[in-house]
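One letter stands for each residue in the lines below.
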Amino acid sequence: MDGLSRRKMLIVSGGALGALGALGTSAWAWSPSGSVAGAGAGADPRWVWDPEADPVVASILDRGLVGEVNRLLRTWTRNDQPLPAGLPEDLRAFMEQARRLPAWADQAKLDRAADFVTTKGTYLILLYGLGGGMLSCAIPNEARAVYYSKGGADLKDRAAKTGKLGYDLQEPNAYRPDGRMIVTAVKTRLVHAAVRHLLPQSPHWPKDGGQIPISQNDMLVTWHTLPTYVMRKLTEWRVRIGSAESAAFLHIWQVTAHMLGIKDEYIPASWDAADAQSKQVLDPVLATTREGVDLADKILTISAKGITPDGSTRPLVNSLARHIVGDRVAGMAAIPREFLLDPLVGTGFPVWVALRENLIPLPLVPQITRTIDDAIRKYILFYLSGGRQINIEIPDMNRPS
Ligand code: HEM
């Protein structure tokens, strides 16, 4: 039975209602009037996946074509580049549709977002990497999906591939013809579709009512760990952001959500709508899992080794990560407590922000802030160094062990 039929069965057999009860969660109550579409059927996104991509990619996997498709797609890197010759016809047709920007994409806003992303780049990378990275470990559905999929076996490689999306989004021409973000988003959409087909076949995936992974709801949950969370933290840190910049930053992420296959009726139209949806979908699902704890430990080690190859900055990375995500999420991800450093970072980090925002003069900067600044600079360099030459590839199997 292919992925689509299995999914249909789950829905038709009343699996949706049964599982809703089993999840103990309430019905979907976020109104599509708050979305970029402004209207919609209001279907619960826990039971919607990616009906355009999923059957095509499942069929590519079943026909044993993934190796060849990946080989061809390695040459497809720029937004304006024609798709490579030789792709299977169904995949080519899907990708031609998927690479189109939505009619509501506004290039002037995307350009303004590029300015914002350039000036606030350091905060963004820190918040995507350590903030979003740790949060994703406290999202059980995501932690399990990442752990048991192919990339779970080589987290350094996986982190670099995920970093590529942040890197391409950070480029001033992200969605312009010579940019790379359309390519990266469409490839990621293919990867997610493959994971939906492959993971339910993993021996580690729950057999009794185990949900097909990466639903539209899961996508929204993760999306909120990125722009919504970033904006909340920047506001909390009192980073100055103009209203046009803030709207532009939301816009580039709305476009990205669309390009990743999130339906327009679920994409928040405003920050208020995003905050409301985040409270509904993200806050209640945060929890600890064995898989999330393991992933968090590996991500923190990779980050520390990116700063100092011997990994000696791991305690500082622990403290920074705890400071960024707070004690609750740090506890869920089992970030070790650093009894000496945690209070120091607690006072030194706000000074680092104030310094960057030109709110305090240099002589008043304590040593811990200089240490934080040095570590963050190296972290950003490490993060960016992975960006350009990495290929996002469709997986052909789950985690082997
Ligand atoms: C792969 C980004 C949501 C699970 C990827 C990749 C990127 C990415 C860039 C390609 C990197 C690679 O091949 O390793 C995103 C973004 C999301 C999102 C921006 C939301 C806005 C999710 C969610 C889940 C998930 C909700 C699970 C619940 C995975 C898995 C892979 C993957 C399992 C494949 C790893 C492999 O190849 O084995 N994602 N993702 N992602 N993502 Fe996502």
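Note: the structure precedes this text.
1. What about the packing of aromatic side chains?
Two numbers describe a pair of aromatic rings. These are the distance of the centres and the angle of the planes. Scanning the model with the defined rule gives 11 aromatic pairs in all. On the numbers, 5.8 Å between centres and 80 degrees between planes, the contact of Tyr 123 with Trp 352 is edge-to-face. Taken together, the residues Tyr 123 in helix H7 (residues 121-137) and Trp 352 in helix H16 (residues 341-356) connect sequence positions 229 residues apart. We note that Tyr 123, like Trp 352, is buried. Site record: aromatic cluster; members linked through ring pairs are Tyr 123, Trp 237, Phe 349 and Trp 352. Of note, Arg 356 hangs over the ring of Tyr 123, and the distance from its end group to the ring centre comes to 5.1 Å. Over the face of the ring belonging to Tyr 147 we find Arg 399, whose NZ or CZ atom lies 4.2 Å from the ring centre.

2. Section: the packing of helix H15 (residues 314-332) against H16
The interhelical angle for the contact between H15 and H16, taken along N-to-C directions, is 60 degrees, at an axis separation of 9 Å. In this view, H15 runs oblique relative to H16, as classed from their interaxial angle. As H15 packs across H16, the resulting crossing turns out to be right-handed. Mapping the contact onto sequence places Pro 315, Leu 316, Ser 319, Leu 320, Arg 322 and His 323 in H15 and Leu 341, Asp 342, Val 345, Gly 346, Phe 349 and Pro 350 in H16. Here the residues of the contact of H15 with H16 sort into 7 nonpolar, 3 polar and 2 charged.

3. Looking at unusual backbone geometry
The backbone phi angle of Ile 214 is positive, close to 55 degrees, even though this residue is not glycine. Position of Ile 214 relative to the elements: it lies in the loop between helix H10 (181-198) and helix H11 (216-236). Despite not being glycine, Arg 238 has its phi angle at roughly 60 degrees, a positive value. Structurally, Arg 238 can be placed in the loop between H11 and helix H12 (243-259). When its relative accessible area of 69% is taken as the criterion, Arg 238 is described as exposed.

4. What to know about the coordination of the iron atom of the ligand
Each pair of donors in an ideal octahedron of six around a metal sits at 90 or 180 degrees, and each pair in an ideal tetrahedron of four sits at 109.5 degrees. Only one protein atom coordinates the iron atom of the ligand: His 192 (NE2), located 2.1 Å from the metal. Summarising the element assignment, His 192 is placed in helix H10.

Calculation rules
Residues numbered from 1 in each chain as written. Predicted model: local features only at pLDDT ≥ 70, side-chain atom pairs only at ≥ 80, totals over all residues. Heavy atoms only, no water. Phe/Tyr/Trp six-rings, centres within 6.5 Å; stacked < 30°, edge-to-face > 60°. Helix = DSSP H or I, 4+ residues; strand = E, 2+ residues; numbered from the N terminus. Buried < 20%, exposed > 50% of the residue type's maximum accessible area, 1.4 Å probe, protein only. Lys NZ or Arg CZ within 6 Å of the ring centre and 35° of its normal. Axes fitted to C-alpha atoms, helices over the stretch in contact; angles between N-to-C directions. Parallel < 35°, antiparallel > 145°, perpendicular 65-115°, else oblique. Left-handed = near helix turned anticlockwise from the far one by under 90°. Contact = heavy atoms within 4.5 Å. Nonpolar A, V, L, I, M, F, W, Y, C, P; charged D, E, K, R; others polar. Donors = N, O, S within 2.8 Å, 3.2 Å for Na, K, Ca; no water.

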